[in-house]
Amino acid sequence: QVQLVQSGGGLVQAGGSLRLSCAASGTFFSINAMGWYRQAPGKQRELVATITSAGSTNYADSVKGRFTISGDNAKKTVYLQMNSLKPDDTAVYYCNLQYVYAITLRPDISWGQGTQVTVSS
C-alpha cells in the first residue's frame, strides 16, 4: 500500500508564508511525479504545482513567482513553500503522488488527506 502524510498549513495573514510537506511511504517500483492541488469551497480541485523525479517543475499561473515546489527523492517527500499569500489562496491543499506500484508494476495515483490553508485579509 501507498500512503501520503501531509503536514503544515494553517491560518496566516495576507502577505505571509506557509510551508506544506508531504511524505510518501509504501512499496514503489518508481515515483514519476509528486505535486500539490487545491480545492476551494464550491470550486473544482485545481493544479497548484508538480515536480517530476527528474526535478522538472510546473506551476499554475496564479502561483508563479510566489510558490516553490521542491522534493527530496531519498525521503520521498515533497514540499510547497508558499510566499506572498493572498485570500484567494484559501483552500484545502492535497498532495498527489504518481507512481508505479512495485507489486503490479502498474501506474497509479495516490492522494494525501488534505490540509486547510486559510489566508485572512
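In this text the structure is predicted, and so the values were computed from the model without any measurement.

Trainee: Describe the pairing of strand β11 (residues 115-120), listing the residues and the values that go with them.
Mentor: The side-chain alternation of β11 yields one buried face, formed by Thr115, Val117 and Val119, and one unburied face, formed by Gln116, Thr118 and Ser120. Note: strand β2 (residues 10-13) against β11, four bridges, orientation parallel. Across the sheet, residue glutamine 13 finds its bridge partner in β11, namely serine 120. Bridge count for strand β9 (residues 91-101) against β11 is three bridges, and the pairing is antiparallel. In the sheet register, tyrosine 93 faces β11, and the bridge partner there is threonine 115.

Trainee: Please give an account of the state of the cysteines that cites residues and values.
Mentor: What the rule picks out here adds up to one disulfide. A sulfur-sulfur distance of 2.1 Å marks the disulfide that ties cysteine 22 to cysteine 95. Of note, the bridge from cysteine 22 to cysteine 95 carries an S-S torsion of about -85 degrees and is left-handed in sense. Placement of the pair is cysteine 22 in strand β3 (residues 18-26) and cysteine 95 in strand β9, with a sequence separation of 73 residues. A relative accessible area of 0% means that cysteine 95 is categorised as buried.

Procedures and definitions
Residues numbered from 1 in each chain as written. Predicted model: local features only at pLDDT ≥ 70, side-chain atom pairs only at ≥ 80, totals over all residues. Heavy atoms only, no water. Buried < 20%, exposed > 50% of the residue type's maximum accessible area, 1.4 Å probe, protein only. Helix = DSSP H or I, 4+ residues; strand = E, 2+ residues; numbered from the N terminus. Pairing = 2+ DSSP bridges. Disulfide = S-S within 2.5 Å.

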